[in-house]
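One-letter residues, chain by chain:
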Amino acid sequence: MLELNIQSKEHDEARQGEALLLKNDLLINNSRKLYIESYGCQMNFADSEIVASILFDHGFETTGTFNDADVIFINTCSIRENAEQRVRKRLTDFKTAKSQNPGMIIGVLGCMAERLKSKFLDEEKLVDLVVGPDAYRDLPNLIGKVEEGSREVNVLLSREETYADISPVRLNSNGITAFISIMRGCDNMCSFCVVPFTRGRERSRSAESIVKEARDLFEAGYREVTLLGQNVDSYKYKADDKEDGAVISFADLLAMVADVDPLLRVRFSTSHPKDLTDDVLYTIAKYSNICNSIHLPVQSGSSRVLDLMNRTYTREWYIDRINAIRKIVPNCGISTDIISGFCTETEQDHEDTLSIIDLVQFDYAYMFTYSERPGTLAAKRFEDDVPEETKKRRLTEIVNKQRSYSLKRLESQVGKTHKVLIEGFSKRSDQDFCGRNDQNAMVVFPVVDSYKIGDYVTVIGETCTSATLIGKIIE
Ligand code: SAH
Ligand code: SF4
Ligand code: F3S
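Residues numbered from 1 in each chain as written. Chains lettered and ligands numbered in written order. Predicted model: local features only at pLDDT ≥ 70, side-chain atom pairs only at ≥ 80, totals over all residues. Heavy atoms only, no water.

A. The arrangement of the nonpolar core in detail. One finds Leu227, Tyr235, Phe250 and Leu253 to be the most contacted residues of the largest nonpolar core, which totals 69 residues. Per-element tally for this core: the top contributor is helix 8 (residues 250-258), with seven residues. Excluding its chain neighbours within four sequence positions, the residues that come into contact with leucine 253 are Ile182, Ala207, Ile210, Leu227, Tyr235 and Ile248. Listed in part, the 25 residues of the second largest apolar core include Ile50, Tyr136, Tyr163 and Val169. (Core = buried A, V, L, I, M, F, W, Y, C linked by side-chain atoms within 4.5 Å. Buried < 20%, exposed > 50% of the residue type's maximum accessible area, 1.4 Å probe, protein only. Helix = DSSP H or I, 4+ residues; strand = E, 2+ residues; numbered from the N terminus. Contact = heavy atoms within 4.5 Å.)

This is the structure we're talking about:
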């Protein structure tokens, strides 16, 4: 772990990836300035911390303002059409800055870079560099070539790269919670999804390097780690030096990270319903520092649609997994992702999605209308035939129903006590702390001077909104 003191700053959602000024006494020679902004999933944000680390070793420090940067990187997402539109819009701001400062280098990283490859250079004349998620070690070399006047593309995907040996430079950090990537890529081929094309084949990072990163974070004062992968339940790692053939599963890895220290909270994301094993559930139940919270994307409540989506489970299978969670980890928070209006979705399929929301009563959900992505199985095989207004109307029905359950769930927490890790001050007032409970609900409560950020406190819930529990510290 690099000992970096990262200054925190308020940021709005559209700029949540904006890198902040790093100050480090050791960085006397790091005179070139990198500005990096990230979009998309937590894995992309974690990758930006790898990129910052690689460039840190080549004389860069990060800056929070792009106008004075030598290099601007935008780490992009392709998951839905509007994610790509946001990136293109933001690029116009960077291009304006470059037209005033022609020496500035603009690089596009991440999933859009991988999807569009050299086409990006044809389409966006002021972009100098296009680099995919597995090629970040090549960045210093590519920057050198751009400085000599060329425009560069490296979008090679790898079957091995996990950046296991690179200590991420924590960006936007509260010094308490951090992400750890445990694997890369995805082998699942859900028909709607671009990720297997932009991130390549699934590979797991060495368990020792993950545990070491968790331990280093704990020793630097961090109190929560979230283990990241597109499908964490299929994590498997066999150490080269182990001759007994033993393979470390995700359940094993969870236990290894939880064993770092009882004061280190462990979260993880994302679980795939087809792979979530009872072993993982028993491990969660066994360790009090593994949070009782599972993100289990259902996508649709209709087995017919799930089949077309190539999710490889049925509605019944999903419900069976929910029942297993409820039995083995009682009081577990369960959240999900839902897509409305996938190809051929009927009113009956939509009703099935609404009824699975009634059945599970998710704590919260991320909900989207289907967006066809070029090159995916669905784009090749099926017609995107649900009209946009139908997709939107169905999404509204899904959102309204889910919102009522989010509120109901939090209302049921009022009057109960919660173990909360203080993560910082609330967005609205520095008179209030905020942090999350075991089930991943955001809790806000008045500051008490004897407690500080990074402490665990017991909070009693007094009232709530549909997204936040409000209470006070009782010990
Ligand atoms: N690996 C995770 C999800 C990664 S993408 C999993 O398997 O669950 C995050 C979410 O974006 C998905 O769960 C899905 O709900 C949504 N999503 C992915 N592709 C989409 C598309 N083409 N249109 C709309 N939503 C999409
Ligand atoms: Fe995409 Fe499916 Fe892989 Fe998730 S599991 S990243 S939805 S292909
Ligand atoms: Fe987006 Fe790529 Fe993540 S497409 S959701 S940034 S893996």
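B. Seen up close, the sheet that holds strand 8 (residues 152-154). The sheet built from six strands is open, its strands ordered 4-3-5-6-7-8 with parallel pairing. Only two strands of the sheet have a single partner each, and these edge strands are strand 4 (60-62) and strand 8. Within the sheet, the average angular offset between the axes of one strand and its neighbour, ignoring direction, is 20°. Bridging between strand 3 (residues 32-38) and strand 4 involves three bridges; their strand directions are parallel. Each residue of the ladder has a partner; that of arginine 32, found in strand 4, is phenylalanine 60. Across the sheet, helix 5 (residues 139-147) touches strand 3, strand 4, strand 5 (71-76), strand 6 (105-110), strand 7 (129-131) and strand 8, and the angle it forms with strand 7 is around 160°. (Pairing = 2+ DSSP bridges. Axes fitted to C-alpha atoms, helices over the stretch in contact; angles between N-to-C directions.)

C. Expanded view of the UniProt feature "domain: TRAM" (unreviewed entry) in the protein. Residues annotated in UniProt with the feature "domain: TRAM" (unreviewed entry) correspond here to residues 411-475. Here residues 411-475 runs as 2% helix and 52% strand, with 22 Å between its end C-alpha atoms. (UniProt positions renumbered as here; feature names shortened; annotations may be inferred.)

D. Fine view of helix 1 (residues 42-56). In a regular helix each residue adds 1.5 Å, so 15 residues correspond to 21 Å; helix 1 covers 21 Å between its end C-alpha atoms and thus fits that length. The buried fraction of helix 1 is high, at 14 of 15 residues. (Expected span 1.5 Å × (residues − 1).)

E. Seen up close, the sheet that holds strand 9 (residues 177-181). Strands sit in the order 9-12-15 across an open sheet of three strands; the sheet is parallel. Each edge of the open sheet carries a strand with a single partner, namely strand 9 and strand 15 (265-269). Shown here is a sheet whose adjacent strand axes are inclined to one another by a mean of 25°, direction ignored. Relative to strand 15, strand 12 (residues 224-228) runs parallel, the two sharing five bridges. Across the sheet, leucine 227 pairs through a bridge with phenylalanine 268, a residue of strand 15. With respect to the sheet, helix 1 is in contact with strand 9, strand 12 and strand 15, its orientation differing from that of strand 9 by roughly 90°.

F. Looking closely at the site of ligand 2. Around ligand 2 sit Cys186, Asn188, Met189, Cys190, Phe192, Cys193, Val195, Pro196, Gln230, His272 and Arg311, and that is every residue in its neighbourhood. Classifying every residue of the shell around ligand 2 gives seven nonpolar, three polar and one charged. (Near = heavy atom within 4 Å. Nonpolar A, V, L, I, M, F, W, Y, C, P; charged D, E, K, R; others polar.)

G. Geometry of the packing of helix 12 (residues 347-360) against helix 14 (residues 388-411). Where helix 12 contacts helix 14, the two axes come as close as 10 Å, and the packing angle between them is 10°. Taken together, the axes of helix 12 and helix 14 lie roughly parallel to each other. Contacts between helix 12 and helix 14 involve Glu347, His350, Thr353, Leu354, Ile357, Asp358 and Val360 from the former and Thr390, Arg393, Arg394, Glu397, Ile398, Lys401, Gln402, Tyr405 and Arg409 from the latter. When grouped by side-chain class, the residues that make up the contact of helix 12 with helix 14 number five nonpolar, four polar and seven charged. (Parallel < 35°, antiparallel > 145°, perpendicular 65-115°, else oblique.)

H. Focus on the site of ligand 3. Around ligand 3 lies a shell formed by Cys41, Asn44, Thr76, Cys77, Ser78, Ile79, Cys111, Val195, Arg199 and Gln230. Class assignment of the residues belonging to the shell around ligand 3 gives a composition of five nonpolar, four polar and one charged.

I. How the structure looks around the side chain of arginine 311. In this structure, arginine 311 sits in the loop between helix 10 (303-308) and helix 11 (315-328). Here arginine 311 is buried and forms no salt bridge, its nearest opposite-charge partner aspartate 337 lying at an N-O distance of 7.1 Å. Look past the residues within four positions of arginine 311 in its chain and what remains in contact with it is Cys190, Phe192, His272, Pro273, Lys274, Pro297, Gln299 and Leu306. (Lys, Arg positive; Asp, Glu negative; His and termini not counted. Salt bridge = Lys/Arg side-chain N within 4 Å of Asp/Glu carboxyl O.)

J. Local environment of helix 8. Across the nine residues of helix 8, seven count as buried, placing the element largely inside the fold. Where helix 8 is concerned, the buried positions are Phe250, Ala251, Leu253, Leu254, Ala255, Val257 and Ala258. Elements in contact with the buried residues of helix 8: helix 7 (207-219), strand 12, strand 14 (248-249), strand 15 and helix 9 (278-286). In this structure serine 249 caps helix 8, since a side-chain oxygen of it lies 3.4 Å from the backbone nitrogen of alanine 251. (Polar contact = N/O pair within 3.5 Å; in protein donor to acceptor, adjacent residues only side chain to side chain.)

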